[in-house]
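# Summary of the model geometry
Residues per chain are reported as follows:
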Amino acid sequence: MTRPAVARLSVRTRLTLVYGSLFLVTSAVLVAVTYLLTVRTMDTRFSARDIDPEALTRLRAMAFDGDMSSLMALKADADRQMEQQKHDVLEQLLQSSLITMLVVGVLAVVIGYLVAGRVLRPLHRMTATARRLSESNMHERIALDGPQDEIKDLADTFDRMLDRLNRAFDAQRRFVANASHELRTPLTINRTVLEVALASRKNPPETKALADVLLGNTARHERLIEGLLLLAKSERELGTRTATPLPDVVRSALDQLDDPAVDVEARLAPAVVAGDPVLLERCAVNLLENAVKYNVADGRVWVRTGERGGEAFLQVVNTGRPVPAYEVAGIFEPFRRLRADRTGSKDGAGLGLSIVRAVVQAHGGTIETVPRPDGGLSITVRLPADAATPHALPAAERSGAR
């Protein structure tokens, strides 16, 4: 029970507790040693040798006259006075020492807290810089000033790491741009040539049949390249975020479906998230296409949006063949498909759900996938809701079968 509570303390608080504890222990030892030395000194100093000579003469006269009772009474009174003086001096010394120790201890804790804050200030600066950094402002650096100590070495090492990351991100952006151009251009040319061949009346039927097959392969390669480029873009951190209503995203995604052979029922409650509208729309399109594609004849698809527990959610449920629970995690991997060859299937490139996962992770969300007992899957995407945007959508909307 103690360890989690201590783990929640900040480094500054723990350093302050260490400073204060060490000072209090040292002060207690110092007070104890001082008290013992004072007692020893007083026992040595307050002895018969330090009695007043006149009082000593009177004692000797009493002893010579034989007045032993008066002598004993006087000696007992002198001893009591001596012990009382010793007790008063030691009590005053102990009280003064304890008060001084407590006052100085409080000052030591306050000074230790201030000193710890000043010592940890460079680390706080490094933490703030690391939190601000993203792919769009990777050029920022800590640039810590001060003596070349361990903290300065750590900050300089962090800056050099940022330089390497910045160069890596620049290389990735250039590669994606070059790959987009170099891969799309020849496929576009091939598709144009094949479409011209199909439209020409001079070509024999065999040539047109071959052109039709090649055109289908070209379209599949285009989808594969588009999926790979979108996956690369989705896995990067978002540069800008826009308040995006999920019902609008789902409506746009439904409009892009090619007249599915299954019924699609939508219940769109208000839900607004801060993110990239294009990526969120692609996420919804891929979920709906996956639910329609891997369905059964006369199957159904349900899509819902809303907010629950401070999170916006997009849920897509479909009928279909039963899915084993141990195979659910694998369907989000690139080029993985249930009971089919990922690269040789005519159903697609096998990147749809991989793109969904990348988009959700880029928006700081989670995905929950549950197999339905009657077959099919229930996929729920949860994203942080944009609480700053007021809802201007109807309470619920229902679209009929498509």
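Now for a description of the structure that goes with this document. Counting starts from 1 at the beginning of each chain's written sequence and moves along it residue by residue. In view of the model being predicted, local features appear only for residues whose pLDDT reaches at least 70, and side-chain atom pairs are presented and counted only at 80 or more, with totals across whole chains, interfaces and linings using the full set of residues. To obtain the side-chain values, all non-hydrogen atoms of the structure were included, while hydrogens and water were left out.

Turning next to the overall build of the protein. A count of helical and extended segments in the protein gives 9 helices and 8 strands. Across the 402 residues that make up the protein, the buried fraction comes to 33%. Pairs at least 24 apart in sequence give 69% of the contacts found in the protein among residues at least 6 apart. In short, Shrake-Rupley with a 1.4 Å probe defines the accessible areas, and a residue's cover is counted only from the protein chains shown. Here the protein displays about 25,000 Å² of accessible surface, and carbon together with sulfur accounts for 59% of that area. A run of DSSP states H or I qualifies as a helix once it reaches four residues; a run of E qualifies as a strand once it reaches two. Both are numbered from the N-terminal end. Using a 1.4 Å probe on the protein chains alone, a residue whose accessible area is under 20% of its type maximum counts as buried, one over 50% counts as exposed, and one in between counts as partly exposed. Any two residues whose heavy atoms approach within 4.5 Å are treated as being in contact.

This part takes up the pattern of salt bridges. Here, a salt bridge means any Lys or Arg side-chain nitrogen found within 4 Å of an Asp or Glu carboxyl oxygen. Per the counting criterion, the structure on display carries 7 salt bridges. The partner of Asp163 in a salt bridge is Arg141, with the nearest N and O atoms 2.6 Å apart. In this pair, Asp163 is assigned in helix α5 (residues 150-199) and Arg141 in the loop between α4 (68-132) and α5, connecting sequence segments 22 residues apart. As a salt-bridge pair, Asp156 and Lys152 come within 3.1 Å of each other at their nearest N and O atoms. Residue Asp156 and its partner Lys152 are located together in helix α5, separated by 4 residues, close to a single helical turn. Lys152 carries the same exposure label as Asp156, and that label is buried.

The angle between two axes is taken between their N-to-C directions and runs from 0 to 180 degrees, where each axis is a line fitted to C-alpha atoms and a helix contributes only its stretch in contact. Contact pair helix α8 (residues 277-293) / helix α9 (residues 352-362): the axes reach a minimum separation of 9 Å and the direction vectors enclose 145 degrees. The handedness of the crossing between α8 and α9 comes out as left-handed. Contacts between α8 and α9 involve Leu279, Leu280, Arg282, Cys283, Asn286, Leu287 and Asn290 from the first element and Gly352, Leu353, Ile355, Val356, Val359 and Val360 from the second. In this count, Pro and Cys sit with the nonpolar residues alongside Ala, Val, Leu, Ile, Met, Phe, Trp and Tyr, while Asp, Glu, Lys and Arg are called charged and the others, Gly among them, polar. Looking at the contact of α8 with α9 residue by residue, the classes come out as 9 nonpolar, 3 polar and 1 charged. By convention, the crossing between two helices is left-handed when the near helix turns anticlockwise from the far helix through less than a right angle, and right-handed when the turn is clockwise.

Moving on, we come to the packing of aromatic side chains. Within 6.5 Å between ring centres, the rings of Phe, Tyr and Trp (the latter by its six-membered ring) count as paired, and their orientation is classed by plane angle as stacked under 30 degrees, edge-to-face over 60, tilted in between. Overall, the coordinates contain 0 aromatic pairs when judged by the stated rule. Arg308 extends its terminal NZ or CZ atom over the ring of Phe313, reaching a point 4.5 Å from the ring centre. Any Lys NZ or Arg CZ that is within 6 Å of a ring centre and within 35 degrees of that ring's normal is treated as a charge sitting over the ring.

Here we take up α8. Given 3.6 residues per helical turn, the α-helix brings residues three or four places apart onto the same face. What a helix should span is 1.5 Å times the count of its residues minus one. Here α8 spans 24 Å end to end across 17 residues, near enough to the 24 Å set by a 1.5 Å rise per residue. By the burial criterion, the buried members of α8 are Leu279, Leu280, Cys283, Ala284, Val285, Asn286, Leu287, Leu288, Asn290 and Ala291. Capping of α8 at its N-terminal end is provided by Asp276; its side-chain oxygen lies 3.0 Å from the backbone amide nitrogen of Val278. Whenever two N or O atoms come within 3.5 Å, that pair is a polar contact, provided that in protein one can donate a hydrogen and the other can accept it, and provided that, for residues adjacent in sequence, both atoms are side-chain atoms.

Take α9 next. Buried residues dominate α9, accounting for 8 of its 11 residues. Among the residues of α9, those classed as buried are Leu353, Ser354, Ile355, Val356, Ala358, Val359, Val360 and Ala362. Gly364, located one to two residues past α9, shows a positive phi value of around 75 degrees.

With that out of the way, let us pick up the packing of helix α7 (residues 246-255) against α8. Put simply, α7 and α8 touch, their axes get as near as 9 Å, and they point 50 degrees apart. As far as their axial angle goes, α8 and α7 are oblique. Considering how the two elements wind past one another, α7 and α8 form a crossing that is right-handed. Residue-level contacts link Val249, Ser252, Ala253 and Leu254 of α7 to Leu280, Glu281, Ala284, Val285 and Leu288 of α8. A per-class count over the contact of α7 with α8 returns 7 nonpolar, 1 polar and 1 charged. Geometric relationships in this document are graded by angle, where less than 35 degrees denotes roughly parallel, more than 145 denotes roughly antiparallel, 65 to 115 denotes roughly perpendicular, and other angles denote oblique.

Before going further, it helps to examine the nonpolar core. With 39 residues, the main nonpolar core has Leu287, Leu288, Val303, Leu314 and Val316 as its most contacted residues. Contributions of two or more residues to this core are made by α7, β2 (263-268), α8, β4 (300-308), β5 (311-318), α9 and β7 (377-384). Here Val303 is in contact with Val250, Val264, Glu265, Ala266, Arg267, Leu268, Leu288, Leu314, Gln315 and Val316, once residues within four sequence places are set aside. Put simply, buried Ala, Val, Leu, Ile, Met, Phe, Trp, Tyr and Cys residues joined by side-chain atoms within 4.5 Å make one nonpolar core.

So, on to the side chain of Asn318. Relative to the helices and strands, Asn318 resides in strand β5. Under the relative-accessibility criterion, Asn318 is labelled buried at 6%. Engagement of the side chain of Asn318 in a polar contact is seen with the backbone nitrogen of Leu377, the distance being 2.9 Å.

This next bit is on the environment of Arg118. Looking at where Arg118 falls in the secondary structure, it is placed in helix α4. On the basis of relative accessibility, which here comes to 58%, the residue Arg118 falls in the exposed class. The sequence separation of Arg118 and Arg12 amounts to 106 residues, and the corresponding C-alpha distance is 9.5 Å.

Purely geometric stuff here, so don't read any function into it on its own.
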